Amino acid sequence: MTSRLTRQPVKLVLLALCAALVITWGVSVETQAQALYGSVTGRVVDTTGGAIPGAEVTILNPATNFTQTTLTNDVGIFSLPNLPAGFHTLTVSLTGFKNAVSEGVKVEVGQLTRENVVLQVGEITESITVSSAATVLKTDTTDVSAQLDAEEIEDLPMGSFRNYQSLINLVPGATMARFQNAITDTPGRALSANINGTNRNSNNTRIDGAISVNIWLPHHTAYVPPSETIEVVDISTNNFDAEKGFAGGAATTVITKSGTNELHGSAWWYHENSALNARDFFNFLDTDGDGKADKPVGRRHMWGGTIGGPIVKDKVFYFVGFEATQQSRGTSATSTVATAAMRQGDFSEFLAVGEIIYDPLTGDPATGEGRQAFPGNIIPSDRFDEASLKMQSLLPLPNLPGLTSNHEVGGSEVMNRYNTDIKGDWYISDSHRLWGKFSWMDAQVKNKARFGLGGGGAIGSSGDGVGDTDVRVYGIGQTWTLSPTFLLDTNFGFTDMDQQVLGQDFELGNFGEEVLGLSGTNAAPGQEQACIIDGVNRCGGLPRFDVSGYRTWGQVDGWTPIFRDEDSLTFTQNFSWTKGSHEFRFGFDLVRHQMNHWQPEIGAGPRGRFNFSAETTSNVDGGGTDRNAWASFLLGQNSWSGKSLQWETMTTNEWQSAFYFRDRWQVTPKLTLTLGLRWEYYPLITRWDRAMEFMPVNATFPCNPEDNSAGPDCRPVVLGNDISVSKKLFAPRLGMAYRLSDNDVFRVGYGVTYSPIPFSRPLRGSYPLTIAGEFPENNPFTPEGNLQDGIPIFGGPDTAEGSISPIPSYVDMRTMPADRINRGYIQSWNVMYERKLPADVVISTGYVGTQTTRQLADNMLNWAGPNTVGSTTSRKEYPIRTTNTRYWDGWLSGNYHSLQVAVNRRFTGGLFIKAAYTWGKAINR
């Protein structure tokens, strides 16, 4: 991947400059970070209930001996923000009173812990110590959220890859987390889920403050930290705090572990063996003759370790984690292939059941009337197509009886994945902390094709060939207490994902052109610009062959090869200011997504594709069967052909930015109001070298560029410099928490969020970047062409002048609106009641709802000119057909209503109870 190597120094320079900016900064840039930390608040009173102002409140993290101090205000309220998650010790002192010490005060990420204190008259040298509850009420915040700490993540069952995301099943309102996409290009095995009836692409995950997203597959996170390296996961699902943005369904914050004053470590090894697994019910092949069906051999090893401790006691700490996943997963594939007799053109055995093979060169080619059957239902060998015979020779014969599901093969899907995580913390002073983080995933996945040289797709569910993925995550951040009432925190993160997936046939080069003699496949003459990149033929390999009723063969994965390079940058800055009964928080959030892809997966793929139907060798009286389709293939009479050209490398660049302000106001000792407002701005996505292209859609049909008489309905594709985006994306966040008693809280909240989906996802690569040429038959009985004629040669437009030439009738197009593009938004609300039961069991129950408005989706605008024909090649006339033109705009909406219940109990010694139940209904339109 030459582009990856040449751009790496640029990335490192950018990283160094941003890191230097964070370390040497003035107070000039702003962002988010309370989402990385928690807060403690409370009210200090005497035994009569009178407020005590001026008391000194100190909180200590026993793991690092880091302390933070503040004073109570004139009504006895104190606030300690930007605290790391964990259990702390709170001490309140004032001359004339005994010290009050609360041990085990639990600080949760993104949450506010209330710890009210009563001071008793006495000497300051005396102390009263109490232990706080292991499970705390959510007394002051109004979001709906769930938290998973290190012990829960390590001890709860999480499935084969021990992915923390599987525990989202414990979160009310979440659908079952599941894998999606092939393991070949998603070896991190991220899981996705829909939250409270919203689109999975609107979820947002931040790891140590940095957004983690696979830009092309935004329902995946770019990096999945190993479970043993995670300190806490906070999942907000409704009415987020104003500082949490660029999220619609769930805002998930993952905090990884840091070192402490004590040396700690862990080691693990998990093993899975197919010898202990049951045989697949649908496996029938017995190759060793023992009377039992084969069971493919598979193994999985997951092993690794962590270590963390001090470099300088109370000052500098380190944490290092490593995990290896080495998998050889046994899998099998069952296919339908042609019999030996059929491959010789002998279909005589099917005469008895009325399956007749007709000669397509006889009768009426438009209707099939008057066609003559091949004598004896046998096709003469001199009628066989040479390319068909060559491809047929690559296919295996049946190894199981019957005409369907008559071939089985076993194999292994091999994945070797290595995760490394390093984190350092430097407590510069009692008021200033700096931390840095580096994570790296290096993964390779290998799969063999089920038909060997004949392709046919991988043995199993992934793509065949080799996939290499490299993900590197850099992060740095700080917290700085400028005064007891004014704090700031900064966070910078950079994620770099590089990926290459090559099919098993990639090294065959121009196999279709040179071996099969099929013009227009692979790097055809005139298409070198689209295929020969950095001296490598990226269109190399087998064309795809689809014969109705039989397993597709050749290279069936039109989405390969893949050359992907994605970068995401996150920069956030927050300020916290306490004034009286108000805790103000404000800041700035900046995200940049950048993509550089080569993947012509739209349409038939870069090697070409041919379809063969039953109608080609049947007549008007019979619809034909799978045997007719195979006969069409032997004759080389294809009903459809197509090919995709990556005319340009797909590049995108997009920014997301936001300002926010939030006031958490303790109106009375029992009532807290949260008043927040967030403003987000999403500038229009661009290419690296120009504006994004779009097609005016007010036309009856797209034109044929070779038809000079098309007139005003011939629609060009132009650059979208004038497309506007909204600058009024204001998102209010409102909430109220009322403490009915020390054990009862009533909460209500409302908020608006905007869909953060990277526009790179839908707009990455349609025309004019990917030219997806598709050439269908004129009618069912007339083939599109002879196989030896290949695929019509076509090219791409010149984009240099900004007007990209009229769109051909044979390509796919996805476009933005011509004047304005809108972001969808989600309104969320909740009414919750939380109760602490005996034994510190906390139960939360309530109503949660969402309203999704104007979500972006494909609006199909298919044109077809009536009885219009335009010449696309010298070989044949093609009608201007219905074209897959998709107009990408906001028109989807939906609502969701649910009753949700969650039960939590935290015991000492690592025992815990977590349960969740949701009854809900979603309606999408």
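Residues numbered from 1 in each chain as written. Predicted model: local features only at pLDDT ≥ 70, side-chain atom pairs only at ≥ 80, totals over all residues. Heavy atoms only, no water.

Peer 1: Break down the layout of surface pockets for me, citing the residues and quoting the values.
Peer 2: One number sums up the size of the second largest pocket: a volume of about 830 Å³. In terms of lining residues, the second largest pocket is bounded by 34 residues, among which Arg-114, Glu-115, Asn-116, Val-117 and Asp-742 are the most central. Listing elements by their share of the lining of the second largest pocket, those giving two or more residues are strand E1 (38–46), strand E6 (99–107), strand E7 (112–114), strand E8 (117–119), strand E9 (127–131) and strand E38 (729–741). Per-class residue counts for the lining of the second largest pocket are 13 nonpolar, 12 polar and nine charged. (1 Å grid on protein atoms, 1.4 Å probe; cavity = no way out; pocket = protein on both sides within 12 Å on 5 of 7 lines; lining within 4 Å. Points joined across faces, edges and corners; volume = space filled by probe spheres on them. Helix = DSSP H or I, 4+ residues; strand = E, 2+ residues; numbered from the N terminus. Nonpolar A, V, L, I, M, F, W, Y, C, P; charged D, E, K, R; others polar.)

Peer 1: Tell me what's going on with the state of the cysteines, and back it up with residues and numbers.
Peer 2: Evaluated as defined, the whole model comprises one disulfide. Disulfide partner of Cys-531: Cys-539, at an S-S distance of 2.0 Å. What sets the handedness of the Cys-531 and Cys-539 disulfide is the S-S torsion sign, and at about -80 degrees it is left-handed. As far as the burial class goes, Cys-531 and Cys-539 line up, both buried. (Disulfide = S-S within 2.5 Å. Buried < 20%, exposed > 50% of the residue type's maximum accessible area, 1.4 Å probe, protein only.)

Peer 1: How would you sum up the side chain of Glu-115? Please name residues and give values.
Peer 2: Tracing the chain through its elements places Glu-115 in the loop between E7 and E8. Here Glu-115 is buried and forms no salt bridge, its nearest opposite-charge partner Lys-836 lying at an N-O distance of 8.3 Å. Here the side chain of Glu-115 touches Ser-102 through a polar contact of 3.3 Å, side chain to side chain. (Lys, Arg positive; Asp, Glu negative; His and termini not counted. Salt bridge = Lys/Arg side-chain N within 4 Å of Asp/Glu carboxyl O. Polar contact = N/O pair within 3.5 Å; in protein donor to acceptor, adjacent residues only side chain to side chain.)

Peer 1: Requested: an account of the pairing of strand E21 (residues 432–447), with residues and values cited.
Peer 2: Bridge analysis of strand E20 (residues 407–429) against E21 gives 15 bridges, and the strand direction is antiparallel. Bridged to Asp-425 within E21 is Trp-435. Pairing of E21 with strand E22 (residues 465–483), which is carried by 16 bridges, proceeds in the antiparallel orientation. Paired with Asp-442 across the strands is Asp-470, a residue of E22. (Pairing = 2+ DSSP bridges.)

Peer 1: Tell me about the sheet that holds strand E5 (residues 86–93), and name the residues and values.
Peer 2: The sheet built from five strands is open, its strands ordered E3-E2-E5-E6-E9 with mixed pairing. Strands with a single pairing partner mark the edges of an open sheet, and in this sheet they are strand E3 (66–71) and E9. Between one strand and the next, the sheet's axes are offset by a mean angle of 20 degrees, whatever the strand orientation. Across five bridges, the pairing between E6 and E9 is parallel. Across the sheet, the residue bridging to Ser-102 is Val-130, located in E9. (Axes fitted to C-alpha atoms, helices over the stretch in contact; angles between N-to-C directions.)

In short, the description is geometric, and any link to function would need to be established separately.
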